[in-house]
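Observations on chain architecture
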Amino acid sequence: VITSVRARQILDGRGEPAVEVALHTNKAVHRASAAAADAPEGAAASSTRDAEKRKLLARAVADAVRVINDKVSEALVGMDPQQQAQIDQAIIDLDKAHHKAEIGMKAMLAVSIAACKAGAAEKEVPLYKHIADLVGKSTSTLPVPAITVINGGTHGGNRLPIQEIMILPVGAKSFEEAMQVGSETYHHLKDIILEKYGSDSCNIGDDGGFTPNISSISEGLDLVIAAIDRAGYNGRIKLAIDVAATDFCIGKKYDLEFKFAEKSRQDFKTADDMIEIYSQLCSGMTCAWIDIFSVHILILFMMLIFPFLYTLEYPLVSIEQPFDKDDWEHSKKFTTLELCQVVGDDLLMSDPERIMRAVNEYTCNALVLKANQVGTVTEAIEVVKQAKDAHWGVMVSHRSGDTDDSFIADLAVGAAAGQIKAGAPCRGECLTKYNQLLRIEEELGSDGVYVGENWRTSAGT
Ligand code: PGA
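Just so you know, the residues in each chain are numbered from 1, in the order the chain's sequence is written. Confidence filtering applies because this is a predicted model: local features only for residues at pLDDT of at least 70, side-chain atom pairs given and counted only at 80 or more, and all residues used for totals across whole chains, interfaces and linings. Computation of side-chain values covers all heavy atoms of the structure but excludes hydrogens and water.

Buried residues are those whose accessible area, probed at 1.4 Å on protein chains only, stays under 20% of the maximum for their type, while exposed residues exceed 50% and partly exposed ones sit between those limits. Going along the chain from the N terminus, every DSSP run of H or I of four or more residues is numbered as a helix, and every run of E of two or more is numbered as a strand. Counting buried positions along strand β7 (residues 238-242) gives four out of five residues, so the element sits mostly inside the fold. Strand direction decides the pairing type here: β7 and strand β11 (residues 316-320), joined by four bridges, are parallel. In the strand pairing of β11, Ala 240 is matched with Ser 318. Only strands joined by at least two bridges in the DSSP assignment are considered to pair.

Put into structure tokens, the structure is as follows:
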């Protein structure tokens, strides 16, 4: 049984305060922490930050720590940690404030995850197995990692407007091989960026992706294609982008120069212009790149004579948050073109009501699950079920500047998510998730199945 719950303030991957919880049972102590990254404006999730604004640039979480140590601990003492639903309900019942404002989503999630870890230990099963039991399924599928290789947007100090370019090693045979493919490609990309833009362009952004000073999506995709080619993985890797378009939507237009020191004032795009850009990227625009170091001279010659025969297409299969968070109309217009997986981030805010609307209106066809926008493990599982019932893709996600908690790795396996997004093969808070998946795959042995090419549909199985 639970004997006490103690919380403390720790620092996350951006050096910002986050809540860590130590849940004591009569047998052991189980620790969990939840990412502090805030929810988009208008989200159901409330902030965990202190009312007292003087400390830690108004980011401290001492109020949430106090509530856990006093109220939450008292309510949970004596409960069986295997009863996740009851525990989560007890936490929710304590918070009478609108949008879970009193305890705050992230603090709530840390308690809920600590209880989940304790429940698995009490049952003497691995965490992913306990989660699969909570979901009501037996599962042993390893997700495809969406590995960040280039950062931009508000996550990088370059001029690239979009937040992330990711690689999906769908052609690997195992999760271990997927990480090998991802890591090799990442390091080749570093060399290519170094050769082209110099060493100061090899700095990394908030998710561990490189931040070369490029300014367009296709420039970024060309670099990644070159890295894939140099690594020898042509045809085995798909590409994904997270546009995070809410960050550069001004009024109803998209400012692709939002990070330029001097703006041409010519690059404001309408939502329809953005649809055109995405459509071209997904369906066959010639890519500008030719890697003269690796293309055979004969092929190069043929390309010069018959260029139309050798147009290269980006294997872009997934676009996250292509429009502003409240632009349901254009999200629908783009999704119904069925050009790729369209992932709802700010559009959904992992909020069941927004997901229901998106399912009904078909404004996207995949969920990025950010558990700290939901509040508890039970609610996160419900949201995954909601997405699966709609035959959507499910991408379990970290938060930028996450903590070193690896819970989402077990969640992705336990909930058979099919996809996990945890940043680059770099930065401790990203690797803690990927490394946990390597351990899980090893433990599952021949029972473990890497979803590979079934990365979109495995969520429905
Ligand atoms: P965020 O970014 O945690 O800053 O919202 C991560 C993502 O959008 O996937």
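Disulfides are defined as pairs of cysteine sulfur atoms found within 2.5 Å of each other. Considering all chains together, one arrives at zero disulfides under this definition. This cysteine, Cys 202, is not joined by any disulfide, and Cys 426 carries the nearest cysteine sulfur, 11 Å off. No disulfide involves Cys 282; its nearest neighbouring cysteine sulfur is the one of Cys 340, lying 3.8 Å away. With relative accessibility at 13%, the residue Cys 282 sits in the buried group.

Attention now moves to the site of the ligand. Every residue near the ligand is listed here: His 155, Gln 163, Glu 164, Asp 242, Glu 320, Asp 345, Lys 370, Ser 397, Arg 399, Ser 400 and Lys 421. Here a polar contact is recorded for every N or O atom pair within 3.5 Å, except that within protein the pair must consist of a potential hydrogen donor and a potential acceptor, and residues adjacent in sequence are included only if both atoms are side-chain atoms. The separation between an oxygen atom of the ligand and a polar side-chain atom of Lys 370 is 2.7 Å. Taking Lys 421, its side chain carries an N or O atom lying 2.5 Å from an oxygen atom of the ligand. Note that accessible areas follow from Shrake-Rupley with a 1.4 Å probe, and for residues the cover is restricted to the protein chains shown. Protein burial of the ligand: of its 280 Å² of free accessible surface, 89% is covered by the chains. Of the residues contributing to the shell around the ligand, the split by class is no nonpolar, four polar and seven charged. The near set for a molecule or strand comprises every residue that places at least one heavy atom within 4 Å of it. Residues are sorted three ways: Asp, Glu, Lys and Arg are charged, Ala, Val, Leu, Ile, Met, Phe, Trp, Tyr, Cys and Pro are nonpolar, and all the rest, Gly among them, are polar.

In the sheet, strand β2 (residues 17-25) pairs with strand β3 (residues 29-33) via five bridges, with the strands oriented antiparallel. Paired with Val 21 across the strands is Ala 32, a residue of β3. Hairpin connection from β2 to β3: three residues lie between these consecutive antiparallel strands.

pLDDT measures the predictor's confidence residue by residue and takes values from 0 up to 100. Mean pLDDT over the chain: 89, with 86% of residues reaching 70 or higher. The low-confidence segment residues 285-299, where pLDDT is below 50, has 27 contacts with residues more than four positions distant or belonging to other chains. Residue contacts follow a heavy-atom distance rule, with two residues in contact if any of their heavy atoms lie within 4.5 Å. For residues 307-311, every residue scores under 50 in pLDDT, and the model assigns this stretch four contacts once sequence neighbours within four places are set aside. Among the scores for the predicted complex, ipTM is 0.94 and pTM is 0.91.

So, on to the environment of Ser 218. Of note, Ser 218 is situated in helix α6 (residues 217-231). Sequence-wise, Ser 218 and Tyr 314 are 96 residues apart; in three dimensions their C-alpha atoms are separated by 9.0 Å.

Right, let's talk about the packing of aromatic side chains for a bit. Working definition: rings of Phe, Tyr and Trp (its six-membered ring) pair if their centres are within 6.5 Å, and the pair is stacked with planes under 30 degrees apart, edge-to-face with planes over 60 apart, and tilted otherwise. With the rule as written, the count across this model stands at seven aromatic pairs. A ring pair is formed by Phe 248 and Phe 258, whose centres lie 5.4 Å apart and whose planes are at 20°; its orientation type is stacked. Within this pair, whereas Phe 248 is found in the loop between β7 and β8 (249-250), its partner Phe 258 is found in the loop between β9 (253-255) and β10 (268-269), the two being separated by 10 residues in sequence. Take Phe 248: its relative accessible area is 0%, and that puts it in the buried class.

Turning to the pattern of salt bridges, a few remarks are in order. Criterion for a salt bridge: a side-chain nitrogen of Lys or Arg within 4 Å of a carboxyl oxygen of Asp or Glu. Per the stated rule, a full pass over the model turns up 20 salt bridges. Residues Asp 402 and Lys 433 are paired through a salt bridge, measuring 3.5 Å at the closest nitrogen-oxygen approach. On the criterion of sequence distance, the pair formed by Asp 402 in the loop between β14 (393-397) and α12 (407-414) and Lys 433 in helix α13 (residues 428-444) is long-range, its members being 31 residues apart. A single burial state applies to Asp 402 and to Lys 433, both of which are buried. Glu 429 is the partner of Arg 427 in a salt bridge, and the nearest nitrogen-oxygen pair spans 2.7 Å. Here Glu 429 falls in the buried class, since its relative accessible area comes to 10%. Residues joined in a network through salt bridges with shared partners are Glu 164, Asp 242, Glu 320 and Lys 421.

Glancing now at empty space enclosed by the protein. Here a cavity means grid points, on a 1 Å grid over the protein atoms only, where a 1.4 Å probe fits yet cannot get out; a pocket means an open set of points with protein on both sides within 12 Å along at least five of seven lines; lining residues are those with an atom within 4 Å of a point. Grid points are joined across faces, edges and corners, and a volume is the space filled by probe spheres set on the points. This structure, assessed with the given rule, holds two cavities of 30 Å³ or more. In this structure, the largest cavity encloses a volume near 150 Å³. Residue lining of the largest cavity: 17 residues in total, with Ala 34, Ala 35, Leu 109, Asp 402 and Ile 408 positioned closest to the centre. Elements with a contribution of two residues or more to the lining of the largest cavity: α3 (105-123) and α12. Considering only residue class, the lining of the largest cavity consists of seven nonpolar, five polar and five charged. The calculated volume of the second largest cavity comes to roughly 40 Å³. Lining the second largest cavity, in full, are Gln 321, Pro 322, Phe 323, Ser 331, Val 342, Val 343, Gly 344, Leu 347, Thr 363 and Cys 364. No other element matches the three residues that strand β12 (residues 341-344) contributes to the lining of the second largest cavity.

Taking strand neighbours around the barrel as the criterion, the eight strands line up as β5-β6-β7-β11-β12-β13-β14-β15 in a closed arrangement whose pairing is mixed. Strand after strand, the sheet turns through a mean of 25° between neighbouring axes, direction not considered. With five bridges joining them, strand β6 (residues 164-168) and β7 adopt antiparallel strand pairing. Bridge assignment links Leu 168 to a residue of β7, and that residue is Lys 238. In this analysis, axes come from line fits to C-alpha atoms, helices being fitted only over the stretch in contact, and the angle between any two N-to-C directions falls in the range 0 to 180 degrees. The strands touched by helix α5 (residues 175-197) are β5 (144-151) and β6; relative to β5, the strand with the most contacts, the crossing angle is about 10°.

Attention now goes to the environment of Gly 220. Structurally, Gly 220 can be placed in helix α6. Non-local contacts of Gly 220, meaning those with residues more than four positions away in its chain, are made with Ile 150, Ile 165 and Ile 214.

Turning to helix α11 (residues 377-389), a few remarks are in order. Each residue after the first adds 1.5 Å to the expected span of a helix. Its 13 residues place the ends of α11 18 Å apart at the C-alpha level, agreeing with the 18 Å of an ideal helix rising 1.5 Å per residue. All of the buried residues along α11 are Val 377, Ala 380, Ile 381, Val 383, Val 384, Ala 387 and Lys 388. Seen along its axis, α11 keeps its buried residues to an arc of 160°; they face one direction. Residue His 391 follows α11 closely and has a positive phi angle near 60°. The directions considered for the arc are those from the helix axis to the C-beta atoms.

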